[in-house]
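Descriptive structure summary
Given next are the chains, with one letter for each unit.
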Amino acid sequence: MAMLEGERAAVTASAEAVARPQLDPRTIEAWLEQDEPVAGTISTDYLPRFTYLRPTTLAEAVAVLERHGPKAALMSGGMDLLRELKTRSRPAQPEVVVSLKGIAPPLDYVCAGESGLAIGSLATLRTLETSALVREQYGILAQAAYASRAWQYRNRATIGGDLCQRELCWYSRSSGNAYPCFRKGGEDCFATRGDNRFHAIFGRLICSAVCPSATAPSLAALGARVRIVGPSGGRSVPVEAFFTPRGTVLGSAEIVAEVQVPSPAPGARGVFLKVGVRNKFDPALASVAVLACIEQQVCRTIRIVLGGVSPQPWRAFRAEELLIGERLTESSVARAAEAVVEGATPLSHNGYKIDLARSLVGRALVRLAE
Amino acid sequence: MAERIELRVNDRNQVVEVEPFTTLAECLRNQLGLIGVRVSCNQGDCGACTILVDGQPVNACMELAIEAEGRSVTTIEGLARNGHLHPIQQAFVEHHGMQCGFCTPGMIMVARALLESNPAPTEQEVKEALVGNICRCGSYPKIITSVLSAAQTMREG
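What you see is a predicted model, and the numbers here were worked out from it, not measured in a lab.

Analysis parameters
- Residues numbered from 1 in each chain as written.
- Chains lettered and ligands numbered in written order.
- Predicted model: local features only at pLDDT ≥ 70, side-chain atom pairs only at ≥ 80, totals over all residues.
- Heavy atoms only, no water.
- Axes fitted to C-alpha atoms, helices over the stretch in contact; angles between N-to-C directions.
- Helix = DSSP H or I, 4+ residues; strand = E, 2+ residues; numbered from the N terminus.
- Parallel < 35°, antiparallel > 145°, perpendicular 65-115°, else oblique.
- Left-handed = near helix turned anticlockwise from the far one by under 90°.
- Contact = heavy atoms within 4.5 Å.
- Domains from an automatic or database assignment.
- Buried area = accessible area lost by both parts, 1.4 Å probe.
- Salt bridge = Lys/Arg side-chain N within 4 Å of Asp/Glu carboxyl O.
- Polar contact = N/O pair within 3.5 Å; in protein donor to acceptor, adjacent residues only side chain to side chain.
- Nonpolar A, V, L, I, M, F, W, Y, C, P; charged D, E, K, R; others polar.
- 1 Å grid on protein atoms, 1.4 Å probe; cavity = no way out; pocket = protein on both sides within 12 Å on 5 of 7 lines; lining within 4 Å.
- Points joined across faces, edges and corners; volume = space filled by probe spheres on them.
- Buried < 20%, exposed > 50% of the residue type's maximum accessible area, 1.4 Å probe, protein only.
- Lys, Arg positive; Asp, Glu negative; His and termini not counted.

1. Observations concerning the packing of helix α3 (residues 104-117) of chain B against helix α5 (residues 140-155) of chain B
All names here are of chain B. Running from N to C, α3 and α5 point in directions that differ by 40 degrees, and their axes come no closer than 11 Å. It follows from the interaxial angle that α3 and α5 lie oblique. Here α3 runs over α5; the crossing is right-handed. On the side of α3, the interface is formed by Met107, Ala111 and Leu115, while α5 contributes Tyr140, Ile143, Val147, Ala150, Ala151 and Met154.

2. A word on the domain arrangement of chain B
Accessible area lost on assembly of the parts is the figure often given for the size of an interface. All names here are of chain B. Domain annotation for chain B reports domain 1 (3-78) and domain 2 (87-155). Between the C-alpha centres of domain 1 and domain 2 the distance comes to 21 Å. The interface of domain 1 with domain 2 comprises 16 residues on the first partner and 13 residues on the second. Taking both sides of the interface into account, the surface hidden between domain 1 and domain 2 amounts to around 1,100 Å²; carbon and sulfur atoms contribute 67%. Summed over the shared surface of domain 1 and domain 2, the result is zero salt bridges. At the boundary of domain 1 with domain 2, the tally comes to five residue pairs in polar contact (both at pLDDT 80 or more). Looking at the side of domain 1 that touches domain 2 element by element, the count peaks at three residues for strand β3 (residues 50-53). Taken together, the residues of the side of domain 1 that touches domain 2 sort by class into seven nonpolar, seven polar and two charged.

3. Some remarks on the interface of chain A and chain B
Counting residues at the interface gives 34 residues for chain A, matched by 34 residues for chain B. For the pair chain A and chain B, the two sides together bury roughly 3,000 Å², of which 55% comes from carbon and sulfur. Taken together, chain A and chain B are joined by three salt bridges. The closest approach of N and O atoms between Arg83 of chain A and Asp45 of chain B, which form a salt bridge, is 2.9 Å. Of all the secondary-structure elements, those providing two or more residues to the side of chain A that touches chain B are α4 (81-87) and α8 (151-156) of chain A. Residues that form the side of chain A that touches chain B fall into these classes: 15 nonpolar, nine polar and ten charged.

4. Looking at the side chain of Asn133 of chain B
Assignment of secondary structure puts Asn133 of chain B in the loop between α4 (123-129) and α5. Separated by 2.9 Å, the side chains of Asn133 of chain B and Gln152 of chain A make a polar contact. Every residue in contact with Asn133 of chain B, bar those within four places of it in the chain, is listed here: Gln152 of chain A together with Cys46, Gly47, Thr50, Gly106, Met107, Val110 and Tyr140 of chain B.

5. Some words on the layout of surface pockets
All names here are of chain A. One number sums up the size of the largest pocket: a volume of about 1,300 Å³. At the level of secondary structure, the elements contributing two or more residues to the lining of the largest pocket comprise β2 (72-75), α4, α9 (159-164), β9 (247-248) and β10 (255-262). If you tally residues by element for the lining of the largest pocket, the top one is α9, at five residues. Across the lining of the largest pocket, the residue classes break down as 26 nonpolar, 14 polar and ten charged.

6. Regarding the side chain of Lys86 of chain A
In this fold, Lys86 of chain A is placed in helix α4. No salt bridge is formed by the buried Lys86 of chain A, whose closest oppositely charged neighbour, Glu26 of chain B, lies at an N-O distance of 6.5 Å.

What follows is the structure in structure tokens.
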């Protein structure tokens, strides 16, 4: 994304001059010149000026995104976008905000189809957590939605937004766009040598930030797919493949239209566990979603997906292989939990996530066996 | 470009002119004078600006005012009736559910939404409902006592 050469030099210089996130006062001056605060505004974190568009069909929304390119930002619930706009943490300030709330028929549905559940991308996390259908048949999704954040957040945050929100990293999200990292077209990951206590221990290829989605581990365990519409029509990708080491597969004019969750096999049981800094309502330090079919105490099928430990939802294939065809005993659970963390590559401040991931998986498997 | 929107605030119809980038918190405070909508973090983390939109708690700082068109909004100013405090407000006074009081309106609005849907919450349910409201004085124990006491008062009618 385009950034003025002088501006880039200024922020790079300021990033090098200080070891921890700190704003260059010149950057603040620059913001104040950029947009005048609204008269009588209550905070310096006012929203920048933008034009608000409300297309009425998905095709029109795609066309609007294509027309405005990087100057447009897509908004569903707004919980992530408005924060980004207020903190000026995007490489380029969008001039146009494109809301999906005007689309008819509305995209906030949650309905049972022939082969499973269809969730419109504007369905709120609160809808998922309170829907009797989701709670009864897709329990790990309802639990993940409930544990995502606070009630006020869940009332507005949507499943589409949950999947598409920006990565969790205090460098890439820092106010005033101070750190030109890989995600912003730069050539550095500040977290690898800075404060990385909340960053990834698996799958760090380019960026070390963890996948921000609260529902992705549950969706991946359920085998859900994301239906995307874009300039060249529609496509559907598994949730696991939706996330990449650098973000998501979404093109600049593509929109998540729906999440499709297949019905779990008869007799399948799920467990979802999550640990946050204060409690489970914080972003996950680590979370785990398990879906398994256990017949006569023998594990027939199992999917184990971790959140909060990798840029993508992290599928524990090796542990799954160890458990299939086995009884869930103390020793098989311990072996599987150990296999989950084999090959982890922790950074300087996040080694604790290895212990956390191991014990969370262990606890989830014990609960599954109960 | 400013747009004229109609919304219902504390049971009164209001027409306001807002920019697309005006938050509902800014609109309620600056244009309608409802300064009980406290803005603290302004990023949807602290819950001080919590209001009810169609009965559901949301952060007013994270709502665009234009998206509130046609909605029914309740702020802390809309709770008292005929000069009498709402039972939740009364309980906060009686049980000292505040120290500096900055977080109080948000706490009370969430408590109101909780007691509407669950008139007899457990202590754990109160804690989980209030998870998005931060009190930097640390009055949580008395806030929870206040909400539980208000629930009892409201059940007894």
